[in-house]
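Summary of structural features
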Amino acid sequence: MTSSTNMRLRLPLLCIILEVILIILFGTLVEYNDDTHAMLWNENRTDSATRNDHENEFYYRYPSFQDVHVMIFVGFGFLMTFLQRYGFSSVGFNFLIAAFSLQWATLMQGFFHGLHHGKIHVGVTSMINADFCTGSVLISFGAVLGKTSPVQLLVMAIFEVTLFAVNEFILLSILGINDAGGSMTIHTFGAYFGLMVTRVLYRPNLDKSKHRNSSVYHSDLFAMIGTIYLWMFWPSFNSAITNYGDPQHRTAMNTYYSLAACTLATFAFSALVNPEGKLDMVHIQNAALAGGVAVGTAGEMMLTAFGAMIVGFLAGTISVLGYKYLTPVLESKLKIQDTCGIHNLHGMPGVLGAVVGAVTAALASPDVYGHGLQRVFADVETGKWNPQSRGGFQAISLAVTLGMALFGGLITGFILKLPIYGAPPDTHCFEDGLYWEVPGEEEGHQELYEVATSNEVEKLSS
Amino acid sequence: MTSSTNMRLRLPLLCIILEVILIILFGTLVEYNDDTHAMLWNENRTDSATRNDHENEFYYRYPSFQDVHVMIFVGFGFLMTFLQRYGFSSVGFNFLIAAFSLQWATLMQGFFHGLHHGKIHVGVTSMINADFCTGSVLISFGAVLGKTSPVQLLVMAIFEVTLFAVNEFILLSILGINDAGGSMTIHTFGAYFGLMVTRVLYRPNLDKSKHRNSSVYHSDLFAMIGTIYLWMFWPSFNSAITNYGDPQHRTAMNTYYSLAACTLATFAFSALVNPEGKLDMVHIQNAALAGGVAVGTAGEMMLTAFGAMIVGFLAGTISVLGYKYLTPVLESKLKIQDTCGIHNLHGMPGVLGAVVGAVTAALASPDVYGHGLQRVFADVETGKWNPQSRGGFQAISLAVTLGMALFGGLITGFILKLPIYGAPPDTHCFEDGLYWEVPGEEEGHQELYEVATSNEVEKLSS
Amino acid sequence: MTSSTNMRLRLPLLCIILEVILIILFGTLVEYNDDTHAMLWNENRTDSATRNDHENEFYYRYPSFQDVHVMIFVGFGFLMTFLQRYGFSSVGFNFLIAAFSLQWATLMQGFFHGLHHGKIHVGVTSMINADFCTGSVLISFGAVLGKTSPVQLLVMAIFEVTLFAVNEFILLSILGINDAGGSMTIHTFGAYFGLMVTRVLYRPNLDKSKHRNSSVYHSDLFAMIGTIYLWMFWPSFNSAITNYGDPQHRTAMNTYYSLAACTLATFAFSALVNPEGKLDMVHIQNAALAGGVAVGTAGEMMLTAFGAMIVGFLAGTISVLGYKYLTPVLESKLKIQDTCGIHNLHGMPGVLGAVVGAVTAALASPDVYGHGLQRVFADVETGKWNPQSRGGFQAISLAVTLGMALFGGLITGFILKLPIYGAPPDTHCFEDGLYWEVPGEEEGHQELYEVATSNEVEKLSS
């Protein structure tokens, strides 16, 4: 049997080659940083301790890292299990591309963000940054969910991680802007990259699989596991790499309030746009998270709980309205088939977050921040700080990010269009059976299912 | 179609009005506290750091906060998914009322627990306290689960949060008692408030929905997600707002051992009360948690692991026996329809916890606590400390809490009885389809289900 | 009805007796340690603080403890829910034996690892160690899953915990070796102990239950919850009891990279060994974790991310190959019925981890570790340190562990063979209905199921 979607050689080959390359590059380029290296951390500690262990960045950042890690693997993974026959792929491919991306991101980000005598230094902060970059890839995954092979997804990750690192470098190192929670670097970038990829991969006959492009009762509950974990840990996400002390504390709290307000907006508008006033799981699962996205840039600033709640409320509102009114138009007019509606969860709220960040940065002043100003805005110490120009740079960064994402997605989309990756046929999208050994639903049904599937696969491969 | 349960206007209106009020009140009343404010935290830090960032309360409390947050949203949310057709509402309404309550609680608790020049100061400790108050509302939700509309639940939350803050103020600020894990303030209050509400909302014809008032195989597994998360993170819950150092450490450990002993009691008595010796998921899902409730007051004291295990064992025992023998009597004799059996999980174990707390406080002495005495009992520093009177105040607090809860629940129940909230009819309790767009169970079954449901809804709305 | 599997007396009696014994022993033997005791922690603190609260071990270890706790109760519990009709038992019995084992382990480990004036001192480190020991029992549970009664499992836990503590004492206290993440003490020991138990309990007619010894679609998704939590928190597991500072930081990071590389190997070989190139959930759920096991010993050493990735890649590879080619042989030739394939996830990767640890220890030198050497290898301070002999002791420890595990499993297996524990008959293995009140799958099906089950049970009990 030589099915066009058979992964027997393609997937193992790609995985093994990638991992071997990663291992070689790690062997030649990666070193422990000062806080993870046995010699460097204990350098000045002869008999009396000159450095206290609790000052190791591990204790400031590791709890946040683990929360982010849960968001990447459980949050994104289960959020996408809402499809009735695509749970294995949602959690499984999420797992695969995240495991690859975090390694590749360590190298790419390390390369762009500053080598130390030709070496990349790693520690818990680089682990968080690698997970962040991975999050961007998983956002794009949401747009093409159900319509791509695992090989395509890995190839997409190779390019997206690379471009993510370039864009992040331009924003953070060249333009020197703030984006601790990644409204731009992670969400806007990941969303518009993914939307462009799915645009290029447009399938005119996707309605042949539309009976599988929906949820069942239990799959919606699995998806809620993802939603709730993303929602709960978003305060850790936005605050994970801010400065120690008040910025980290403040960011977590701003995000907490933004999300709470966003949730009320989501329920309100979900009921309002439904003729019978019924709530839609798609909205609850997704739009309730938009509040976290929208304070990703301004969260570390003196936004106040009040400001955060306004932003969160707006984000939830535009997200629900996007799902209801914009997504169908994007599909019918612009031929953008966005399986998870990432434009509504990450795209628009990401842009909103960038704008809010620009405004909040432009309004910053020593009267409000006191000596804390330089701990939020890095260029205060250099004496070159100017709030209006800071706000301007924040806005420019949004434009750069959109440009990089759309251009990168375009190129990557065409690369993924090559007929060599074993993509699913239009008749078998949103179907685990193509790439997974799938058991039946229940004892009695199993036999029937297997007969049905094997018939389908036979047809497909002949 | 003008169904009496249609939420199209009621729910959006209520959500939007509430959120707008919240935003206005936050804008006028809420400020960053010393540890989240850029200026205040960095006040004395000119060029040399006079305050170390690791002393920011964030690093002492944030990991506990996140554990509590998981309990509130995943723990409570999934614990209630055991019903076969009420999973969306269990997780979803839990999400909605928690997101509202934590905002409202920030204001109410901030108002009662001390304004700073007319302002409410917020930080990670206020976030934990807001989540705690939310927990109390979710406990009450368990009593009325399946029989209330989301609008009713929000209205209940408005009143319950307010009264919770009043009761908490009386106990902690006026009576000056200890209740770090909330045996009284959270569990006893939430349970008896909810029981009184469900008593007032008594439905004589609820058996018309009894075929849905039970679990199916998978729904019980989803519920176990809730149970296990509550169980694991309860040590963080009880210790989250205790004093730094030994009290926080000791509380977590006492809770750990109490829960372990409780679990063995639960399995033992669950098998014992079943004629065939079979375990009952209702007991395992709920009674195994009673050990956490029962050390909510004494956990921070020198209870010892030994004491904690005895308390946990007792709590598990009375909880299982309550489910088996008391719940049916409460329903048939007292007309209390307690969907989740909160009387067994939070009510009786909460009272037990209050009593254990009173006794342990009365037995406290400097011989055992040394200089640590004043870090557990706040009035030691004032010189007015007297263990017997402390024990007495603890006992008085239980009576106050019971009174506040029952009276508050009574009033709230009558308010919720008004026929304006779109409550479900007796024939459609425990049914997601009333308030949610519900997909079918499986491809084949979906069509059938939709026909059946639409027939039911037509009958209902005509 | 007097079914041979009726637990009505056996299980309650055993649970209550065990818990009473535990409570008595805790009452006579267990004390708060210096960091949890109100007097001891505040000893030198009269008016000015001489000890800072952030130095309490709680703040260094508690976040790791909670992650480990999640692995034990959610990770192991849900990993085993893959069976179609054994979800209640998987999560439930996991819960029961873990709750017992952590109490028993506190006593056994406390007894062997050093009494303080005849008392066992407890705190967060002892809680982590107790959870670790519990993990070992749960690994063994995986081998006998579906074929044992809860009473058998508790009896197994009594013996296994005891032997675990003896073995751990020999390795850590007598031989003085390193094994922070327990490649030997936890994984190798738990795996070979469990394999020997299941060998002794060999059931020649187990194929009478083989229709239940497989997954269904949803049960595989529940199992993925377990997998992902184990995977995410493994860095916390391996680093939980290492020294503060660089060792803890480094261990977490090494584990992170090992697991990422392992995941790519798992996907690669899972597709490669399948004729149609389809991925197998059994591999993804289990083999992807082998990378965490395999760096359990060397993780705290200067293994480097490079080294960790090689080890992880190897571990994933041998684990998948083990599932595909070795497990069937073990069952047919050696009569080892290993339900979860613990030999592939914990056995072989544990041995690999021991070997990697021995080699890495033998290669250690002050040139690489600097002053950090003595913080990894305890005997450096005594002046007796010698890397080659350290490596040798590490290798000897593996042999000791294998011997203890196989011998202990043999004895325990024969004890569990006694016909007094209510073990399931060959026709009813992998079936929740024997020990649990089980609801139906769906409203319509429930009735049918109950009729079918009651027929089966009648046949069984007659």
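Residues numbered from 1 in each chain as written. Chains lettered and ligands numbered in written order. Predicted model: local features only at pLDDT ≥ 70, side-chain atom pairs only at ≥ 80, totals over all residues. Heavy atoms only, no water.

**Looking at the interface of chain A and chain C**
Applied cut-off: Contact criterion: two residues are considered in contact whenever any of their non-hydrogen atoms come within 4.5 Å of each other. Buried surface area refers to the total accessible area, computed with a probe of radius 1.4 Å, that the two partners give up upon joining, counted for both partners together. Should a side-chain nitrogen of Lys or Arg be within 4 Å of a carboxyl oxygen of Asp or Glu, the pair is scored as a salt bridge. All amino acids are sorted into three groups, where Ala, Val, Leu, Ile, Met, Phe, Trp, Tyr, Cys and Pro are nonpolar, Asp, Glu, Lys and Arg are charged, and the leftover types, Gly among them, are polar.
Taken residue by residue, the interface counts 80 residues in chain A and 75 residues in chain C. When the two sides are added together, the surface that chain A and chain C hide from each other amounts to roughly 6800 Å², 70% of it contributed by carbon and sulfur. Summed over the shared surface of chain A and chain C, the number is one salt bridge. Notably, a salt bridge pairs Arg375 of chain C with Asp53 of chain A, separated by 2.6 Å at the nearest N-O pair. Looking at the side of chain A that touches chain C, its residues break down into 46 nonpolar, 20 polar and 14 charged.

**Notes on the relation of the copies chain A and chain C**
Relating the two copies of this chain is a rotation about some axis coupled with a shift parallel to it. The criterion, for reference: Copy-to-copy alignment: least squares on C-alpha atoms, limited to residues at pLDDT 70 or above in both.
When chain A is fitted to chain C, the best match, at an RMSD of 0.0 Å, comes from turning it 120 degrees and sliding it 0.0 Å along the axis. Within this description, the copies of the chain are treated as partners about a three-fold rotation axis. The position closest to the rotation axis in chain A is occupied by the C-alpha of Pro63 of chain A, lying 3.8 Å away. Taken as a fraction of all interface residues of chain A, those also at the interface in chain C reach only 12%, which identifies the copy contact as different-surface.

**Overview of helix H12 (residues 304-332) of chain A**
Condition: Under the DSSP-based scheme used, a helix requires at least four consecutive residues in state H or I and a strand at least two consecutive residues in state E, with every element numbered from the N terminus. One fewer than the residue count of a helix, multiplied by 1.5 Å, yields its expected span. The quantity called bend is, for any residue, the angle between two axes fitted respectively to the seven residues ending at it and the seven beginning at it.
Compared with the 42 Å implied by 1.5 Å per residue over 29 residues, the 40 Å span of H12 of chain A between its first and last C-alpha is a close match. Considering bend angle alone, the principal kink of H12 of chain A is centred on Gly322 of chain A and spans about 50 degrees.

**Quick notes on the confidence of the model for chain A**
Residues and elements named next belong to chain A. Defined as follows: Each residue carries a pLDDT value, the predictor's own confidence for that position, ranging from 0 to 100.
Mean pLDDT over chain A: 93, with 93% of residues reaching 70 or higher. Confidence drops under pLDDT 50 across residues 443-462; counting only partners more than four residues distant or on other chains, this segment forms 19 contacts. Here the predicted complex scores 0.95 on pTM and 0.94 on ipTM.

**Observations regarding a nonpolar patch on the surface**
All names here are of chain A. Rules: Every patch collects residues that have over 30% relative accessible area and no salt bridge, joining them within 9 Å if they carry like charges and within 5 Å if they are nonpolar side chains (Val, Leu, Ile, Met, Phe, Trp, Tyr). Computed with the Shrake-Rupley method and a 1.4 Å probe, the accessible areas treat only the protein chains shown as cover for residues. Classification of residues uses two cut-offs on accessible area relative to the type maximum, computed with a 1.4 Å probe and protein chains only: under 20% is buried, over 50% is exposed, and between them is partly exposed.
Taken together, the side chains of Leu9, Leu13, Ile17 and Ile21 define a hydrophobic patch exposed on the protein surface, amounting to about 400 Å² of accessible area. If you trace the backbone, Ile21 turns up in helix H1 (residues 10-29). The class for Ile21 is partly exposed, based on a relative accessible area of 41%.

**Some points on the pattern of salt bridges**
In this structure the tally under the stated criterion is 21 salt bridges over all chains. For the salt bridge of Arg203 of chain B with Asp426 of chain B, the shortest nitrogen-to-oxygen distance reads 2.7 Å. Separated by 223 residues along the polypeptide, Arg203 of chain B in the loop between helix H7 (183-200) and helix H8 (217-239) and Asp426 of chain B in the loop between helix H16 (387-416) and helix H17 (443-461) bring together distant segments of the chain. The exposure classification of Arg203 of chain B matches that of Asp426 of chain B, with both residues buried. Across the pair Asp379 of chain B and Arg390 of chain B runs a salt bridge, and its minimum N-O distance is 2.8 Å. Taken together, the residues span a long stretch of sequence, with Asp379 of chain B in the loop between helix H15 (373-376) and H16 and Arg390 of chain B in helix H16 at a distance of 11 residues. Looking at Asp379 of chain B, the relative accessible area reads 17%, which means it is buried. Residues joined by salt bridges that share partners form a network here, namely Asp53 of chain A together with Asp246, Arg250 and Arg375 of chain C.

**Description of the packing of helix H6 (residues 150-174) of chain B against H7 of chain B**
Working note: a packed helix pair is described by the angle between its axes plus the distance between those axes. All names here are of chain B. What counts, and what does not: For every element, the axis is a line fit to its C-alpha atoms; helices are fit only across the contacting stretch, and the angle between N-to-C directions ranges from 0 to 180 degrees. We call two directions roughly parallel when the angle between them is under 35 degrees, roughly antiparallel when it is over 145, roughly perpendicular when it lies between 65 and 115, and oblique otherwise. For any pair of crossing helices, the crossing counts as left-handed if the nearer helix is rotated counterclockwise from the farther one by less than a right angle, and right-handed if it is rotated clockwise.
Two elements in contact, H6 and H7, have axes whose closest approach is 11 Å; the angle formed by their N-to-C orientations is 140 degrees. Between H6 and H7, the crossing angle belongs to the class labelled oblique. Here H6 runs over H7; the crossing is right-handed. Within the contact between the two elements, H6 uses Met156, Glu160, Leu163, Phe164, Asn167, Glu168 and Leu171 and H7 uses Met184, Thr185, Ile186, Phe189, Gly190, Phe193 and Val197. Grouping the constituent residues of the contact of H6 with H7 by class yields nine nonpolar, three polar and two charged.

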